[in-house]
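Analysis of the macromolecular model
Residue strings, one per chain:
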Amino acid sequence: MFRLSNNLIGILNFITFLLSIPIIWAGVWLRNNGSSECERFLDTPVIVIGVFLLLVSVAGLVGACCKNSCLLWIYLVVMFLLIVLLFCFTIFAFVVTNKGAGQVLSGRGYKEYKLGDYSNWLQKRVTSGKNWNKIRSCLVDGKVCSKFNETYLSDTVEQFYTERLSALQSGCCKPSDECGYTYVNPTTWTKTITNSSNPDCAAWDNQPDVLCFNCNSCKAGLLDNLKRDWKRVAIVNIVFLIFLIIVYSVGCCAFRNNRRDNSYPAGWKA
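The shown structure was predicted, so the numbers you read here are calculated from the model rather than taken from an experiment.

1. A look at the overall build of the protein chain
From N to C terminus, the protein chain includes 11 helices and 4 strands. Projected onto its principal axes, the C-alpha positions of the protein chain cover 90 × 40 × 30 Å. Each of the 270 residues in the protein chain was classed as buried or not, and the buried ones make up 37%. Of the contacts made within the protein chain by residues no fewer than 6 positions apart, 65% connect residues no fewer than 24 positions apart. Accessible area of the protein chain: about 15100 Å², with a carbon and sulfur share of 65%. Here the protein chain holds 27 positive side-chain charges and 18 negative ones, and the gap between their average locations is 15 Å.

2. Some thoughts on the packing of aromatic side chains
By the definition in use, this model includes 13 aromatic pairs. Taking the centre distance of 6.2 Å and the plane angle of 40 degrees together, the rings of Phe 80 and Tyr 248 count as tilted. Pair noted here: Phe 80 is in helix 4 (residues 69-96) and Tyr 248 is in helix 11 (residues 216-263), with a separation of 168 residues, a long-range link. The partly exposed category is assigned to Tyr 248, whose relative accessible area is 23%. Taken together, the ring pairs connect Tyr 110, Phe 148, Tyr 152, Phe 160, Tyr 161, Tyr 183 and Trp 189 into an aromatic cluster. For the cation-ring pair, Arg 108 lies above Tyr 161, with the distance from its terminal atom to the ring centre recorded as 3.7 Å. Of note, Arg 125 hangs over the ring of Trp 121, and the distance from its end group to the ring centre comes to 4.5 Å.

3. Looking at the packing of helix 3 (residues 43-65) against helix 4
Interaxial distance between helix 3 and helix 4 falls to 7 Å at its minimum, and their mutual angle equals 135 degrees. Between helix 3 and helix 4, the crossing angle belongs to the class labelled oblique. Our pair here, helix 3 against helix 4, has a crossing hand that is left-handed. Contact residues: helix 3 offers Phe 52, Val 56, Ala 59, Gly 60, Val 62, Gly 63 and Ala 64, while helix 4 offers Leu 71, Leu 72, Tyr 75 and Val 78. Taken together, the residues of the contact of helix 3 with helix 4 break down into 9 nonpolar, 2 polar and no charged.

4. A short note on the state of the cysteines
Taken as a whole and assessed by the stated rule, the structure comprises 4 disulfides. There is a disulfide in this structure between Cys 145 and Cys 173, and the S-S distance comes to 2.0 Å. Given an S-S torsion of about -85 degrees, the disulfide between Cys 145 and Cys 173 has left-handed geometry. Of the two residues, Cys 145 is situated in helix 7 (residues 144-152) and Cys 173 in the loop between helix 9 (167-172) and strand 3 (182-185); the sequence distance between them amounts to 28 residues.

5. Structural notes on the UniProt feature "transmembrane region" (unreviewed entry) in the protein chain
This chain's UniProt record puts "transmembrane region" (unreviewed entry) on residues 7-26, 46-65, 72-96 and 233-255. Along residues 46-65, the helical share is 100% and the strand share 0%, with 28 Å between the first and last C-alpha atoms.

6. Concerning the environment of Tyr 183
Mapping Tyr 183 onto the fold places it in strand 3. Look at Tyr 183 and you get buried, because its relative accessible area is 13%. Between the C-alpha atom of Tyr 183 and that of Phe 160, which follows or precedes it by 23 residues, the distance is 9.1 Å. Apart from the residues lying within four places of it in its own chain, the contact partners of Tyr 183 are Tyr 152, Asp 155, Thr 156, Val 157, Phe 160, Thr 188 and Trp 189. At a separation of 3.0 Å, a polar atom in the side chain of Tyr 183 contacts the main-chain carbonyl oxygen of Asp 155.

7. Some words on the nonpolar core
Core analysis: the largest hydrophobic core is formed by 32 residues, its most contacted members being Leu 139, Phe 160, Cys 172, Trp 189 and Phe 213. Of all the elements in the fold, those that place two or more residues in this core are helix 5 (120-127), helix 6 (129-141), helix 7, helix 8 (157-161), helix 9 and helix 11. Among the elements that line this core, the one with the most residues is helix 11, at 4 residues. What Leu 139 contacts, discounting residues up to four positions off in sequence, is Trp 132, Val 144, Leu 168, Cys 172, Phe 213 and Cys 218. Core analysis: the second largest hydrophobic core is formed by 16 residues, Leu 76, Ile 83, Leu 241 and Val 250 among them.

Conventions we followed
Residues numbered from 1 in each chain as written. Predicted model: local features only at pLDDT ≥ 70, side-chain atom pairs only at ≥ 80, totals over all residues. Heavy atoms only, no water. Helix = DSSP H or I, 4+ residues; strand = E, 2+ residues; numbered from the N terminus. Buried < 20%, exposed > 50% of the residue type's maximum accessible area, 1.4 Å probe, protein only. Contact = heavy atoms within 4.5 Å. Areas by Shrake-Rupley, 256 points an atom, 1.4 Å probe, with all protein chains shown as cover. Lys, Arg positive; Asp, Glu negative; His and termini not counted. Charge placed at Lys NZ, Arg CZ, Asp CG, Glu CD. Phe/Tyr/Trp six-rings, centres within 6.5 Å; stacked < 30°, edge-to-face > 60°. Lys NZ or Arg CZ within 6 Å of the ring centre and 35° of its normal. Axes fitted to C-alpha atoms, helices over the stretch in contact; angles between N-to-C directions. Parallel < 35°, antiparallel > 145°, perpendicular 65-115°, else oblique. Left-handed = near helix turned anticlockwise from the far one by under 90°. Nonpolar A, V, L, I, M, F, W, Y, C, P; charged D, E, K, R; others polar. Disulfide = S-S within 2.5 Å. UniProt positions renumbered as here; feature names shortened; annotations may be inferred. Polar contact = N/O pair within 3.5 Å; in protein donor to acceptor, adjacent residues only side chain to side chain. Core = buried A, V, L, I, M, F, W, Y, C linked by side-chain atoms within 4.5 Å.

In structure tokens, the structure reads:
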């Protein structure tokens, strides 16, 4: 008769199978209807994840319910590799996000961000021209600075300096304080002669699609967001890792049951 472990693996994989279908559909929809490079950039990873979940869940479902030891063995190998990869990624995420934080400015409600404060691995991801062009396109398409300008448009310079800006707003939508530019509105600043050696001062432009999107401060602001997001993901991964280990253990019991049942004649099965 069916063991409890086989039933549990069957139920869990049936749920995973159902979840994989909308994931694949979402990836196909993004590929066909994505209005920006940012959206289209996500279609392939989403489709790959959906197909992976579909295949793994089918292997686990058929292996557990049909007592197919070969498929269940493949399922367990994939699950083991997934546990190892997830464990390594979680450790890696904590290591690479351990460095970097915004710098507090006197008399300012916001912080400023320096690219050199973050881990070398993260810096290389955004200093690559190919990578940054895609990220920059996403930031422009996402209207990060357009919404920022609308929110603080009525601010006087004194009010603006007390605002608590996000890392992206501070790094991408305004020039660095050390440039000494004159405030007109949140995304328009009058350039003045500056003694600052900060290359971001020369990179600033009042054009809405330029602003400070090519500045190191913008890249640093993105990394600060990424750092916080990765830490949250790493914490969620720990919970998911525990869940996967439990599922893997149940799968091992189901595999052992299959081997035991297949090793006895029908009349001798317990």
